[in-house]
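One letter stands for each residue in the lines below.
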Amino acid sequence: MAGGGGVLCWSPNHHLFLFYSDGVLSSSSSSSSSSVRPPMAAAQNSPTSTLDQDRQAAARVERLWQQFFSDPSQWRDARFDKGNPEAPDFKHKTARKSLWINNRFSPSWLQEKLATLTLQAPQQAASPSSSSLSTSQISSSPASRTKQLWEEFFSDPSQWWDTRSDKKNPKFPDFKHKTAKKALWIHNRLNPPWVHARLAAMVEGQQQGQSGSSTPESAGRVVRTEQLWKEFFSDPSQWWDNRFIKKSPKYPDFKHKSTHEGLWIEGWLTPDWVKAKMTTMPLVQIQSDGGLTSWSPDLNVSKLCQEGRLKEALHMVELMVQQNIQAPINTYACLLKWCTRKKALAEDHGQGEEAIILYQQMQQTGIVPDKVAFVVVLKACSRIAALEQGKQLHSDIIRSGFESDLIVGNTLIDMYAKCGCIEGARGVFNKLNERDVVSWNAMIAGYAQQGLAEEALAMYEQMKQEGVQPDNVTYLVLLKACASTAALEQGKQLHAHIIRSGFELDVSVGSALVDMYAKCGHIEHARQVFDNMSERNVVSWNAMMTGYAQQRLGKDALDLYEQMKEEGVQPDNVTYVVLLKACANIAAMEQGKLLHSHIIRSGFEADVIVGNTLVDMYAKCGSIKDACEVFNKMNERNVVSWNAMLAGYAQQGLGKDALALYEQMKQEGVQPDNVTYPVLLKACASIAALEQGKQLHSHIIRSGFESNVIVGSALVDMYAKCGRIKKAHKVFNNMHERNVVSWNALIAGYAYEGLCMEALDLYEQMKQEGMQPDNVTYVVLLKACARVASLEQGKQLHSDIIASGLENDASVGNTLVDMYAKCGCIEMACEVFNKINERNVVSWNAMIGGYAQQGLGKEALALYEQMKQEGVQPDNVTYVVLVNACARTEALEEGKQLHSDVIRSGFESDVIVGSALVDMYAKCGCIEHARQMFNKMSAPDVASWNALIAGYAQQGLGKEALALYDQMKQEGVQPDSVTYVVLLKACASIAALEQGKQLHSHIVRRGFELDVIVGSAIVDMYAKCGCIEDAREVFDNLHERDVVAWNAMIAGSAQQGRGKEALTLLEQMQSKGTKPNASTYIGVLTACSRSGLVDEGCRLFDSMCNNHGVTPTVDHYACMVDLLCRAGRLADAEDFINKMPIQPNAVVWMTLLAAARIHHNVEIGRRTFDCVVKLEPKNAAAYVLLSNIYAEAGRRDEVAKIRQQMKTAGLNKNAWVQLDRS
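Residues numbered from 1 in each chain as written. Predicted model: local features only at pLDDT ≥ 70, side-chain atom pairs only at ≥ 80, totals over all residues. Heavy atoms only, no water.

A. View of the overall build of the protein chain. The helix and strand inventory of the protein chain stands at 63 helices and 13 strands. Per-residue burial over the protein chain gives 48% buried out of 1222 residues. Pairs at least 24 apart in sequence give 55% of the contacts found in the protein chain among residues at least 6 apart. Split by element, the accessible area of the protein chain, about 59,300 Å² in all, is 50% carbon and sulfur. (Helix = DSSP H or I, 4+ residues; strand = E, 2+ residues; numbered from the N terminus. Buried < 20%, exposed > 50% of the residue type's maximum accessible area, 1.4 Å probe, protein only. Contact = heavy atoms within 4.5 Å. Areas by Shrake-Rupley, 256 points an atom, 1.4 Å probe, with all protein chains shown as cover.)

B. Structural detail: the packing of helix α13 (residues 371-384) against helix α14 (residues 387-400). It is at 9 Å that the axes of α13 and α14 come closest, and there the two elements cross at 165 degrees. When the interaxial angle is binned, α13 and α14 end up roughly antiparallel. The handedness of the crossing between α13 and α14 comes out as left-handed. Between α13 and α14, the contacting residues are Phe374, Val377, Leu378 and Cys381 on the first element and Gln389, Gly390, Leu393, Asp396, Ile397 and Ser400 on the second. (Axes fitted to C-alpha atoms, helices over the stretch in contact; angles between N-to-C directions. Parallel < 35°, antiparallel > 145°, perpendicular 65-115°, else oblique. Left-handed = near helix turned anticlockwise from the far one by under 90°.)

C. Helix α39 (residues 810-822), seen in detail. In this model α39 runs 18 Å from its N-terminal to its C-terminal C-alpha over 13 residues, within 8% of the 18 Å that 1.5 Å per residue would give. Burial within α39 is extensive, with 10 of its 13 residues counted as buried. Buried residues of α39: Val812, Gly813, Asn814, Thr815, Leu816, Val817, Asp818, Met819, Tyr820 and Ala821, and no others. Phi turns positive, to about 85 degrees, at Gly824, one or two residues after α39. (Expected span 1.5 Å × (residues − 1).)

D. Highlighting the sheet that holds strand β7 (residues 175-177). The strand order across the open sheet formed by 3 strands is β6-β7-β8, and the pairing between neighbours is antiparallel. Of all strands in the sheet, those with a lone pairing partner are β6 (160-162) and β8 (183-184), marking the two edges. (Pairing = 2+ DSSP bridges.)

E. Spotlight on the sheet that holds strand β10 (residues 254-256). Taken in spatial order, the 3 strands of this open sheet run β9-β10-β11, and their pairing is antiparallel. With one partner strand each, in any of the chains shown, β9 (239-241) and β11 (262-263) form the two edges of the open sheet. Two strands pair when backbone bridges link them, and β9 and β10 are joined in this way by 3 bridges, in the antiparallel orientation. For Trp239, the partnering residue across the bridge sits in β10 and is His256.

F. Summary view of the pattern of salt bridges. Applying the stated criterion across every chain, the model contains 38 salt bridges. Here Glu231 and Arg224 are joined by a salt bridge, their closest N and O atoms 3.9 Å apart. Using a relative accessible area of 30% as the deciding quantity, one classes Arg224 as partly exposed. Between Glu870 and Arg839 there is a salt bridge; the shortest N-O distance is 3.3 Å. In this pair, Glu870 sits in the loop between α42 (857-869) and α43 (876-882) while Arg839 sits in the loop between α40 (826-835) and α41 (841-853), placing the two residues 31 residues apart along the sequence. In this structure Arg839 comes out as partly exposed when scored by relative accessible area, which is 22%. A single salt-bridge network, built from bridges that share partners, covers Arg224, Glu231 and Glu261. (Salt bridge = Lys/Arg side-chain N within 4 Å of Asp/Glu carboxyl O.)

G. Layout of the side chain of His697. Inspection of the secondary structure assignment puts His697 in helix α32 (residues 690-703). A polar atom in the side chain of His697 sits 3.3 Å from the side chain of Glu706. When residues no more than four places from it in sequence are discounted, the contact partners of His697 are Glu706, Leu715, Tyr719, Lys727 and Val731. (Polar contact = N/O pair within 3.5 Å; in protein donor to acceptor, adjacent residues only side chain to side chain.)

H. Inspection of the environment of Ala644 at higher detail. In this fold, Ala644 is placed in helix α29 (residues 639-651). Counting along the chain gives 24 residues from Ala644 to Lys620, while the straight-line C-alpha distance between them is 9.3 Å. Leave out the neighbours within four places in its chain, and Ala644 touches Asn612, Val615, Asp616 and Ala619.

I. Representation of the environment of Cys1125 within the structure. Residue placement: Cys1125 occurs in helix α57 (residues 1114-1126). Sequence separation between Cys1125 and Ala1154 is 29 residues; the distance between their C-alpha atoms is 8.8 Å. Discounting chain neighbours no more than four positions away, the residues touching Cys1125 are Leu1130, Ala1133, Thr1151, Leu1152, Ala1155 and His1159.

J. Seen up close, a positive patch on the surface. Side chains of Lys694, Arg724, Lys727 and Lys730 sit close together on the surface and give a patch of like positive charge. If you trace the backbone, Lys727 turns up in helix α34 (residues 725-734). (Patch = residues over 30% accessible without salt bridge, like charges linked within 9 Å, V, L, I, M, F, W, Y side chains within 5 Å. Lys, Arg positive; Asp, Glu negative; His and termini not counted. Charge placed at Lys NZ, Arg CZ, Asp CG, Glu CD.)

K. Expanded view of unusual backbone geometry. One non-glycine residue with positive phi stands out, namely His260, at about 65 degrees. You can see His260 is positioned in the loop between β10 and β11. Using a relative accessible area of 51% as the deciding quantity, one classes His260 as exposed. One non-glycine residue, Ala789, lies in the positive phi region at around 55 degrees. Mapped onto the elements of the fold, Ala789 is located in the loop between α37 (775-787) and α38 (791-804).

L. Quick look at the packing of aromatic side chains. In total, this model carries 41 aromatic pairs according to the counting rule given. Relative to Phe90, the ring of Phe68 lies with its centre 4.8 Å away and its plane at 45 degrees, an arrangement referred to as tilted. Note that Phe68 is positioned in helix α1 (residues 50-70) and Phe90 in strand β4 (residues 90-92), a separation of 22 residues in sequence. We note that Phe68, like Phe90, is buried. Pairing Phe1169 with Tyr1183 gives two aromatic rings, centres 5.0 Å apart and planes at 75 degrees, and the pair type is edge-to-face. Taken as a pair, Phe1169 in helix α60 (residues 1162-1175) and Tyr1183 in helix α61 (residues 1180-1192) lie far apart in primary sequence, 14 residues in all. (Phe/Tyr/Trp six-rings, centres within 6.5 Å; stacked < 30°, edge-to-face > 60°.)

M. Focus on helix α21 (residues 507-519). The end-to-end C-alpha distance of α21 is 18 Å, a good match for the 18 Å that 13 residues give at a rise of 1.5 Å each. Burial within α21 is extensive, with 11 of its 13 residues counted as buried. Listing the buried residues of α21 in full gives Val507, Val509, Gly510, Ser511, Ala512, Leu513, Val514, Asp515, Met516, Tyr517 and Ala518. Packing partners of the buried residues in α21 comprise α19 (472-485), α20 (488-501), α22 (523-532) and α23 (538-550). Gly521 lies just past α21 and shows a positive phi near 85 degrees.

N. Geometry of the state of the cysteines. Taken as a whole and judged by the stated rule, the model has 0 disulfides. Sulfur of Cys756: no disulfide; nearest cysteine sulfur belongs to Cys785 and is 4.1 Å away. We classify Cys756 as buried; its relative accessible area is 5%. (Disulfide = S-S within 2.5 Å.)

Below is the structure:
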């Protein structure tokens, strides 16, 4: 069933249509129904008759009603809270199923069956006293119910609230009952036709003699309202204008000064002619002599401000001054308040300055400012950091005698603090005769804003000593100070105070605690506070996600985002900014694209900050095209937007495009900042654009950015890479401040020029000046030694590297291997290679290249075989070094030799051989060679296309694979089942749901839907794209299901955390005679782990081993350990690992160690740590986890021992940073 009272049907092209209860297809006539047929008819050639369609629809409806009556508790009664009569009467709570009572396909026995059934009413639809719905209620229609409510309203309107003038959303009701949960909408399509006439008659006072239209009381109110409006227009001076100062739309717009009667412009009793009269009334009346006379200037200015016409309001005051008309102080107060609105100031339209000018104008016209004026102008100074004007105001306040006023004093403190003058703030604070919590908060906030966390905390202690009770603002400010300085211990103390003060339940304080712990590097504590919060708002979620993103835990941040949506919390622009940064950090472009679609649907795409972050995310993920598309669509672009786009071009080596964009940036009047210039200089360096670099240097000098250390370092790097090493050194010498990046840039410049000794001299000078070299320094110097075969200097650098603890750095280790190999010291190269803990393809290439350079071909080939045995995929450098490559890791050499043989044998033009060569190069990651081979083929067949499409898909280039598919069709080559399987995998890998749906339609039209392999691929695609319901629908319609299809469905359920559904699928799989394999049980055990189904998971594992003959792998054991750890059963998990018949790897032990950290189990943590370091002595994470366990247990001596062990193990400095934070 589908929404709108209809039956869901399928069109021949696999799109959905709706049959409504009157036989209409969507918005078309019933005649169009002949083109609709059920899902299974889509693959048939003969049309299905309308009668057959009706029969099938009726049968489906009857089955649904039978399901409903078998268990009504699984259905939600939506009849009395649906806003649309076409919406369903009953909706299933979990599945996508709906029912309509008045559907033309409903069975004949339905009404009789409903009459015998009593349904529980939903809480939101039922009155407090109702517990069930009667048969009469079941049969009543929404239209009759609406008519009944309107009759009730007109019988006594005084029992209803009129919310039309103050409702913030047009979906909100126009009238709400004061006691019962009843609501009415004037423009509801269910309204009786007489509603509008009755309302108009009620407003115009024509109710007399009309039965049931209104009471005499309401008629009198209409007459009285019209009379009051006439009195208002006859003499407006007798009325207070409250439009500007009222805090709620329920308050009157005008209030009589003596009778206190109120008038509302948007009131439903207000006559129609009032609005017209208001718009025609002149704000400033022209006298016969050309002068001006003021008519309630405060009213006029207030009205203009409320309408957003601030410039006109300011102009009116200027006209009054020019005509010597005295404006009352209310006029200036009104303008001042509007000029200092935060939103206006944030947009930098100069309203802060306008407020100060208005204040000066008040003084010039002889008007003495009152307390409110001073407070407003002080706030304006705070927001635009106008310290001098603030000091002048302070002098005026002293002369006016307001300095002792508490509110003015507090605002003065805030002004000085926000302007960076903390001494001035403290001076005012000390002079206050009376200080409240706001005074203390302002002073504490001032210290915190200046990064003076210790002073802020000292002020907090003094505050408590003087008996002033902190409030939630106090704790917010202090927690922010602790977060900014990573003062964890002080933050923990504050946490204890917050608990004692009872503010832990305050959502803003809780959010600040999460933020503090996250910024102090204690993400576990942050999550614990977050999970314990009784109430969480979007700020709370943002704080937790920001913590994950800052710790580069992008996946955790994205998982939390999904949980946030599941709990019904609406993300805001900050949410998306944080998540996009997390995606950029881990290069998760597919998740970034998914977020982009959410942003569009949420309406945040126009937000400039969100837009900037989108550009940055796409650029950092390597998709410059998408970044450019987002950038071009931005309605508003600031310097950050341009910087993000420029950086994207520079990162992709598109220096010319970056420089062209810079010219466009200048033409549009956007001023570059200190971020713009380093990006542009990097672009110039990448393409050796010396002249453009020189021009940029001139711009930098004129802009005053030459003294910036980042800009200076970028200048050194640009000149060095453009071959102007002397100029680079000159810039370096003129730098007032130099960091390690500056030194590295100049050293690299000398190294690239082959000036090894000069580079080494700079290295010595660097150390003498107390600058600590980093891994980049050593990589650059080792390359310089390798270039000139300077073995002795290389050995000396090797000693320095060991002393600095950087030997285990992957880039340094690879460069050491390369240096020794190129210097002819193959034994030392081999020794360093064997000591590298994590060897990547660069490590292998360096060693293989070393053997090749020494003419040791056999050794190179042997190392290549070892490389494949260790699972490292060769790249194009490997193929060049070995002169051979292969599609399969065990025969790459033979593959390249085979290609040579093929060319010599003249078989290269053979289509089958050509297709095999395309496949070989593609699977080895050489997609360029594969495409070249493909382009050489005179008549590629479907197998050739499939091989190249598969190559793109395997490389994660889903878009390219789909584009090649389109080209394939254009050239008249018909896809086969293999084509669709490959393409569906490509869509699944990049979560390209829309393309996957299009492919599904093509598959149906081509008749491949019944192919079991294709069907399984469709299920897998929908599941991996997160559409588990669509995956289930396809799965249920498969005529034949193999183990791949079942595994895809189970894995999709596990991915969505649907453990019980995964278990049900396993039972169905076995009952259908399909034997589960190892992958099946990994999916089911993962589902149990994520859903907390411990007993079921244990039972399944035993059954897998004992009853189904599946030998557990280390992955199965890892799933079981994770299952037990998530349930807090650490002892069972440890015992389980110890009894494993195979050797547990470090991942298994690390799972237990992480759980020991969460559950504060010191003993298990210590034993597990020992097992981890036996397998991986350099596993820094294990040291950090154990250190955290000891620290939380208060065992500081043990923490010190761990530190010493790390030092002995020579772990890198990143691990030290983590340990220090713990």
